[in-house]
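So the chains spell out like this:
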Amino acid sequence: MNKPLQKLELTNPRFHIFEGLSIQRIAAPLPRRILAYIIDLSIVTACLYLLLIFGGILLVPLTALLGSLVKENIGAQIFFVLFALLILIVIFGIYHGYFVYYEFKKGQTLGKRVFALQVISEKVKKLSLRQCVLRDALRYIDCLLIFPGLLSILLSKNHQRLGDLVCGTQVIFLPKKEKEEQFLYITPEQYHLYSEALEAAAVPGETAQNYLGFAYPYFISKTQRASAEKIEEILSDLKKVLPKAVNLKVDQESLMLFFAEHCHQQLKK
């Protein structure tokens, strides 16, 4: 006969990164931001060089041909201008696409990830595509002109550049050790014990997001209540995902806490 697992207790979270939020916001140090941006520029530059290498076989003779025709044909002149614009669009598309994609999807570029930085929205919601695009566009003022962005970071309360102030975003520092070892709902020991006993499998991303949307305000911020019917409905769904919970006599609160941590850990990866 299986014995019931030990009852889980809620841990005291130091900070929270679900949906880009942070309870304890540590403004990103300027040196880390600069080094992260250097890495990002190096990655973008490397991508452009690779594009140039692979496209060079076609671009070099085509450019030479267009150059010889420009003096003789107005149509060739127009085509040459359009060709030059296409190259510029590709270059700027790679540059802006890199920053917008990674910040919107991950909250951090590869450079920011190396230095444990993350872009978050100051409001209680996930970064929007509009914020990411506008923030990236304002990079020309902050980074190319240098002084407006630098002064804004040094003088603003949360060390925000102009793009952050306009878009309502902030770059925060997540200490690497804390980020890797963070367990929000239960302790690492409790999580690994339950995970092994219940043979927890991967949860679909949408299911995990939906459950955490309930679990965080219910367990952590204590801003949401749930009726007995709602709890029973949730438990019924969880037992379908974790059928061994019935045989192991897992109490309902422990099951809900474990599943919240399981979804939380999965979405962090």
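Trainee: What exactly am I supposed to notice about the nonpolar core here?
Mentor: Taken as a class, soluble globular proteins show a tendency for nonpolar side chains to be buried jointly. The biggest cluster of nonpolar side chains holds 33 residues, and the ones touching the most others in it are Tyr185, Leu198, Tyr211, Phe219, Leu255, Met256 and Phe258. Broken down by element, the residue count for this core peaks at eight residues, all from helix 10 (residues 205-220). Setting aside its immediate chain neighbours within four residues, tyrosine 211 contacts Phe219, Ile234, Leu238, Met256, Phe259, Ala260 and Cys263. Membership of the second largest hydrophobic core comes to eleven residues, among which are Ala36, Val100, Phe115 and Phe173.

Trainee: Is there a simple way to think about the side chain of aspartate 136 in this case?
Mentor: On the secondary structure map, aspartate 136 appears in helix 4 (residues 129-137). Each residue touching aspartate 136, except ones within four places of it in the same chain, is listed here: His96, Phe99 and Val100.

Trainee: So what exactly am I meant to see when it comes to a positive patch on the surface here?
Mentor: A grouping of Lys105, Lys106, Arg113 and Lys126 is seen on the molecular surface, where their side chains present a positively charged patch. Looking at the secondary structure, you find arginine 113 in helix 3 (residues 110-114). Assessed through its relative accessible area of 60%, arginine 113 is described here as exposed.

Trainee: Can you help me understand the packing of helix 9 (residues 188-198) against helix 13 (residues 252-268) in this one?
Mentor: Two packed helices can be described by the angle between their axes and the distance between those axes. Viewed as axis vectors pointing N to C, helix 9 and helix 13 meet at an angle of 100°, and their least axial separation amounts to 10 Å. Considering their axes alone, helix 9 and helix 13 lie roughly perpendicular with respect to each other. When helix 9 is examined against helix 13, the residues Tyr191, Tyr194, Ser195 and Leu198 are found in contact with a partner set consisting of Ser254, Leu255, Phe258, Glu261, His262 and Gln265. Broken down by class, the residue content of the contact of helix 9 with helix 13 amounts to five nonpolar, four polar and one charged.

Trainee: What is the right way to read the packing of helix 10 against helix 13 from this model?
Mentor: Across the interface, helix 10 lies against helix 13 with an axial gap of 9 Å and an inter-helix angle of 125°. Overall, the two elements helix 10 and helix 13 adopt an arrangement that is oblique. As for the relative orientation of helix 10 and helix 13, their crossing is left-handed in sense. Within the contact between the two elements, helix 10 uses Gly205, Ala208, Gln209, Tyr211, Leu212, Phe214, Ala215, Tyr218 and Phe219 and helix 13 uses Glu253, Met256, Leu257, Phe259, Ala260, Cys263, His264 and Leu267. Here the contact of helix 10 with helix 13 is composed, by residue class, of 13 nonpolar, three polar and one charged.

Trainee: So what exactly am I meant to see when it comes to the side chain of arginine 139 here?
Mentor: Structurally, arginine 139 can be placed in helix 5 (residues 139-144). Beyond its immediate chain neighbours, meaning those up to four positions away, arginine 139 contacts Tyr37, Tyr95, Phe99, Glu103, Leu144 and Arg161.

Trainee: I tried to follow the pairing of strand 2 (residues 169-173) on my own but got confused; where do I start?
Mentor: Within a regular strand, side chains alternate between the sheet's two faces. Burial analysis of strand 2 places five of its five residues in the buried class, the great majority of the element. Side chains of strand 2 alternate between two faces, with Thr169, Val171 and Phe173 and Gln170 and Ile172 buried alike. Of the pairings in the sheet, the one linking strand 1 (residues 117-121) to strand 2 comprises five bridges and is antiparallel in character. Residue pairing across strands places glutamine 118 opposite isoleucine 172, the latter belonging to strand 2.

Trainee: Sorry, what's going on with a nonpolar patch on the surface here?
Mentor: Residues Leu82, Leu85, Ile87, Leu88, Ile91, Phe92, Tyr140, Ile141, Leu144, Leu145, Leu162 and Leu165 make up a contiguous nonpolar surface patch of about 1,000 Å² in total accessible area. Contributions of two or more residues to the nonpolar patch are made by helix 2 (74-105), helix 5 and helix 7 (162-167). Per element, the largest residue contribution to the nonpolar patch is six residues, and it comes from helix 2.

Trainee: What's the story with the packing of aromatic side chains in this structure? I'm lost.
Mentor: Think of a pair of aromatic rings as described by two things: how far the centres are apart, and how the planes are tilted against each other in angle. As enumerated under the stated definition, the model contains twelve aromatic pairs in all. Measuring from centroid to centroid gives 6.0 Å for tyrosine 37 and phenylalanine 99, while their planes differ by 35°, and the two rings are tilted. With a gap of 62 residues between them, tyrosine 37 in helix 1 (residues 30-70) and phenylalanine 99 in helix 2 connect regions that are remote in the sequence. Across the pair, exposure class does not vary: tyrosine 37 and phenylalanine 99 are buried alike. Through a chain of ring-to-ring contacts, three or more aromatic side chains come together here, namely Tyr37, Tyr95, Tyr98, Phe99, Tyr101 and Tyr102.

Cut-off values and rules
- Residues numbered from 1 in each chain as written.
- Predicted model: local features only at pLDDT ≥ 70, side-chain atom pairs only at ≥ 80, totals over all residues.
- Heavy atoms only, no water.
- Core = buried A, V, L, I, M, F, W, Y, C linked by side-chain atoms within 4.5 Å.
- Buried < 20%, exposed > 50% of the residue type's maximum accessible area, 1.4 Å probe, protein only.
- Helix = DSSP H or I, 4+ residues; strand = E, 2+ residues; numbered from the N terminus.
- Contact = heavy atoms within 4.5 Å.
- Patch = residues over 30% accessible without salt bridge, like charges linked within 9 Å, V, L, I, M, F, W, Y side chains within 5 Å.
- Areas by Shrake-Rupley, 256 points an atom, 1.4 Å probe, with all protein chains shown as cover.
- Salt bridge = Lys/Arg side-chain N within 4 Å of Asp/Glu carboxyl O.
- Lys, Arg positive; Asp, Glu negative; His and termini not counted.
- Charge placed at Lys NZ, Arg CZ, Asp CG, Glu CD.
- Axes fitted to C-alpha atoms, helices over the stretch in contact; angles between N-to-C directions.
- Parallel < 35°, antiparallel > 145°, perpendicular 65-115°, else oblique.
- Nonpolar A, V, L, I, M, F, W, Y, C, P; charged D, E, K, R; others polar.
- Left-handed = near helix turned anticlockwise from the far one by under 90°.
- Pairing = 2+ DSSP bridges.
- Phe/Tyr/Trp six-rings, centres within 6.5 Å; stacked < 30°, edge-to-face > 60°.

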